[in-house]
Amino acid sequence: MIIKDKKISIIGAVRSGVAAAKLALAHGAIPFVSDSNTSEKLVDAEREFDQLKIQYEFGNHSKKVFDCDFIVTSPGVPSDSDVLVNAKSKDIPIYSEIEFASWFCEGTIISITGSNGKTTTTTLLNYILNEAGYISYPAGNIGNALSGIVDKLNGNDFVSLETSSFQLDHINTFKPKFSVILNITPDHLDRYENSFEKYKQAKLRIFENQDENDFLILNADDSSLSKLQIDSKVNRYFFSTKNKVENGAFCSDGKFIFVNNNVEEEICDCSELYIKGEHNRSNALAALIVAKLIGITNEKIKDAFASFKGVEHRLEFVREIEGIKFINDSKATNVDSVWYALQSFDTKILLILGGKDKGNDYNLIKDLVKAKVKKIYAIGSSKDKVYDFFHDIVSVDKKETMEDCVVAGRNEAEANEIVLLSPACASFDMFKNFEHRGEVFKQIVMSLN
């Protein structure tokens, strides 16, 4: 794609917006960055733009935004925001950051989406590739914006791309070689008019441009995916922790099995996967399929499964004090993730729950909370909703700060119990992102006497 001398307006000046602006500049375009946040929240971006002489505005979206050939939008900007609605009314093309970055990507894109497990699967797959001797980068929601790494890639390299529904909302020609859909459960319904179907359709856009040269990997255990009617020539593979599949990977008699063209291969024992839980076996099966299709040996996959230690902020053990374990699961930004977290422990839990609500339905975890949770500390802008739903089931205290929650957990938990941060909500009401929320939790835990 030739964008030299094109005027590109970039909406959002955080990680992906900054990377998109720098990529545009590197390819001879004229970027203009607009963010409704004030400059006090965008100090790092302001410094970079000043150094690179990139024009920008903070605090509002002026008419200058619309003086462009097209717009690149960050995933944090809702599609129904005034600036994007106005741009659409003016027939200005709008592209997501991953769409824009993909125009310049010479490497192989492995795009991974799902309501849960994206970060673990993306990181695991990237780890397998690197351990097998390939050059691969993790990108997307996982930390690096795709725009920030595409110019590093050549035709033999890979990018393991954690892909959200927001990033898929404004794609056009985005065409990964491998698309992985881990699961689809209600999440981010606040961004999709409280419609699960609209959210699902956004996820399914991941493979809309794929053809017979590409691969789509689906979770056979997910009812939204197992019976999916697909009008596409893309090659389909399935994974299941419960049943045998015809093409793909499954668990049987405690083994990871890969099957392709009716030929089955035993990869390793499921027990050799270092990260535990059925959800992680499911994630591993998805990664296994991609690895085998790329040509990675069984031995390399087995070694990577055994040595991969998991992902920060996802059921991350932080510290044990007098028999009380503190677990950081800040990445649990929806109710389904909390379900997996609660399933992972066999001891009583003091649960820190709440944040920016995304249309959560807590009925999914009602029985688990009743069975496993000793107390809930409700936090953030949704704490009243959390209290109203759970206070008849379990003791609930509303707290103002993360420190209040951690200190209360330290004082009220007993030996062999767990203080678990698994919020089921976005972090933006109190923190920059879920990573910031997790870091604050860990810092407070490490400061306890």
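Residues numbered from 1 in each chain as written. Predicted model: local features only at pLDDT ≥ 70, side-chain atom pairs only at ≥ 80, totals over all residues. Heavy atoms only, no water.

Student: How do you make sense of the pairing of strand 2 (residues 30-35) when you look at a structure like this?
Tutor: Every other side chain in a regular strand lies on the same face of the sheet, so the side chains alternate between the two faces. Burial runs high along strand 2: 5 of the 6 residues are buried. Strand direction decides the pairing type here: strand 1 (residues 7-11) and strand 2, joined by 5 bridges, are parallel. The residue bridging S9 from the neighbouring strand is F32, located in strand 2. For the segment spanning strand 1, helix 1 (residues 15-26) and strand 2, crossover handedness is right-handed. As paired strands, strand 2 and strand 3 (residues 55-58) are joined by 4 bridges and run parallel to one another. (Buried < 20%, exposed > 50% of the residue type's maximum accessible area, 1.4 Å probe, protein only. Helix = DSSP H or I, 4+ residues; strand = E, 2+ residues; numbered from the N terminus. Pairing = 2+ DSSP bridges. Right-handed = clockwise from strand over helix to strand, strands pointing away.)

Student: Would you mind going over the nonpolar core with me for this structure?
Tutor: As a rule of thumb, soluble globular proteins bury nonpolar side chains together. The biggest cluster of nonpolar side chains holds 48 residues, and the ones touching the most others in it are I8, F49, F100 and I181. Listed by contribution, the elements that provide at least two residues to this core are strand 1, helix 1, helix 2 (43-52), strand 4 (70-73), helix 4 (97-102), strand 8 (158-162), helix 7 (196-204) and strand 10 (215-219). The biggest single contributor to this core is helix 1, with 5 residues. (Core = buried A, V, L, I, M, F, W, Y, C linked by side-chain atoms within 4.5 Å.)

Student: Help me understand the pattern of salt bridges, please; the structure alone is not making it clear to me.
Tutor: Between side chains of opposite charge, a pair can form as their charged atoms come close. All chains considered together, the criterion is met by 27 salt bridges. Note that K385 and D357 form a salt bridge whose closest N and O atoms lie 3.1 Å from each other. You can see K385 sitting in helix 13 (residues 383-390) and its partner D357 sitting in the loop between strand 17 (349-353) and helix 12 (366-372), a full 28 residues away along the chain. A salt bridge links K442 to E439; the nearest nitrogen and oxygen atoms lie 3.7 Å apart. In this pair, K442 and E439 both sit in helix 15 (residues 434-447), 3 residues apart, roughly one turn of the helix. Under the relative-accessibility criterion, K442 is labelled buried at 12%. A relative accessible area of 27% places E439 in the partly exposed class. (Salt bridge = Lys/Arg side-chain N within 4 Å of Asp/Glu carboxyl O.)

Student: Looking at this model, I keep getting lost on the pairing of strand 11 (residues 235-240). Mind explaining?
Tutor: Two strands pair when backbone bridges link them, and strand 10 and strand 11 are joined in this way by 5 bridges, in the parallel orientation. Each residue of the ladder has a partner; that of I217, found in strand 11, is Y237.

Student: Explanation requested: the packing of aromatic side chains in the structure shown.
Tutor: Describing an aromatic ring pair means giving the distance of the ring centres and the angle of the ring planes. According to the stated counting rule, one finds 18 aromatic pairs in the structure shown. With centroids separated by 5.6 Å and ring planes inclined at 70 degrees, the aromatic side chains of F70 and W103 adopt a geometry described as edge-to-face. With F70 in strand 4 and W103 in the loop between helix 4 and strand 6 (108-113), this pair connects stretches of sequence that are 33 residues apart. Comparing F70 with W103 shows no difference in burial state: the two are buried. Linked through ring pairs, F70, Y95, F100, W103 and F104 together constitute an aromatic cluster. The ring of F32 is capped by K64, whose NZ or CZ atom sits 4.9 Å from the centre of that ring. One residue, K398, lies across the ring of Y387, its end atom 5.0 Å from the ring centre. (Phe/Tyr/Trp six-rings, centres within 6.5 Å; stacked < 30°, edge-to-face > 60°. Lys NZ or Arg CZ within 6 Å of the ring centre and 35° of its normal.)

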